[in-house]
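Coordinate inspection notes
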Amino acid sequence: MTRTTVDAHQIAANVERLRARVADVAETHGRSPADITVIAVSKTHPREAIDAAWSAGVRDFGESRVQELREKIREPMPDGSRLHLIGQLQTNKVRDALRLVDVVHAVDRERLVDVLAREAERIALRLDVLLQVNIAREAQKGGCTPDDAGEILALIKAHSSLNAAGLMTIAPNVDDPEDTRPTFRALRLLRDRLATPDVPLTMLSMGMSNDFPAAIAEGATHIRVGSAIFGSRG
Ligand SMILES: *Cc1c(COP(=O)(O)O)cnc(C)c1O
């Protein structure tokens, strides 16, 4: 599944182009580019792709599967990098996941909160987690409903081993990326509603290769970009 040839020059050029675009869109919407972190989603791409993006200055990486990640980081991750687990997480993979990743994006149910909290506590970790919300209520997608978000968030906050860092969503696939804006706006407004002074939920993880400009326009702090950096996943 992973490809063996990696074009480091192409990846560096893609990172450069993406940075320019992020800066451009941010400024258009009166935001500082420094407030937007690109998470390079390296799933299905080999370890060399991660190293190439790191050489181009990327420090945040996203992976979907614990098993794949484990194989990819037999060699420790390059200095200063942060790993974001962005895919659905099964409770039986939590123990492995917490040895490997810095942030878990797809927390969406009470049972997963319980298992994450217990495991994080066992290894004396304060784990950054994001509550994934299925804003558009798409049947095939992960994430809690907006109605359940408050309750699950309260459960996260009840555990000192978890830090509720923010919210995450995946927008519906639409022809015109601008049509994703209501979804991203709804996540931001939900965040504004759920935020408190002690738990400000600063991270808004939203936007991918095709729709990150709309997400930035609506306040994304973290965009998860795969194909625009590493090429298609074949
Ligand atoms: C694969 C994936 C991405 C990146 O998708 P691209 O379209 O390649 O940018 C972002 N977020 C999640 C949750 C993903 O699974």
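Look above for the structure.
Now for a look at the structure at hand.

In this section: the site of the ligand. Looking at the ligand, there are 13 residues lining it, with Lys43, Ser209, Gly226, Ser227 and Arg233 nearest. Ser209 is positioned with one of its side-chain polar atoms (N or O) 2.5 Å from an oxygen atom of the ligand. Calculation on the ligand without its partners gives an accessible area of 390 Å², and the protein chains cover 88% of this total. Taking a 2 Å distance to the grid points as the criterion, the majority of the atoms of the ligand fall inside the largest pocket. Here the shell around the ligand is composed, by residue class, of six nonpolar, four polar and three charged.

Before going further, it helps to spend a moment on the pattern of salt bridges. Scanning the entire structure with this criterion turns up 17 salt bridges. Across the salt bridge formed by Glu16 and Arg19, the nearest N and O atoms sit 3.6 Å from each other. Here the residue Glu16 and the residue Arg19 both occupy positions in helix H1 (residues 8–28), the gap between them amounting to three residues, near one helical turn. Judged by relative accessible area, which is 47%, Glu16 ranks as partly exposed. The class of Arg19 is partly exposed, set by a relative accessible area of 35%. Its salt-bridge partner being Arg181, residue Glu218 comes within 2.8 Å of it at the nearest N-O pair. In this pair, Glu218 is assigned in the loop between helix H8 (212–217) and strand E8 (222–225) and Arg181 in helix H7 (residues 181–194), connecting sequence segments 37 residues apart. A relative accessible area of 3% means that Glu218 is categorised as buried.

What counts, and where the lines are drawn
Residues numbered from 1 in each chain as written. Predicted model: local features only at pLDDT ≥ 70, side-chain atom pairs only at ≥ 80, totals over all residues. Heavy atoms only, no water. Near = heavy atom within 4 Å. Polar contact = N/O pair within 3.5 Å; in protein donor to acceptor, adjacent residues only side chain to side chain. Areas by Shrake-Rupley, 256 points an atom, 1.4 Å probe, with all protein chains shown as cover. 1 Å grid on protein atoms, 1.4 Å probe; cavity = no way out; pocket = protein on both sides within 12 Å on 5 of 7 lines; lining within 4 Å. Sits in = over half its atoms within 2 Å of the grid points. Nonpolar A, V, L, I, M, F, W, Y, C, P; charged D, E, K, R; others polar. Salt bridge = Lys/Arg side-chain N within 4 Å of Asp/Glu carboxyl O. Helix = DSSP H or I, 4+ residues; strand = E, 2+ residues; numbered from the N terminus. Buried < 20%, exposed > 50% of the residue type's maximum accessible area, 1.4 Å probe, protein only.

Function cannot be inferred from these measures alone, as they are strictly geometric.
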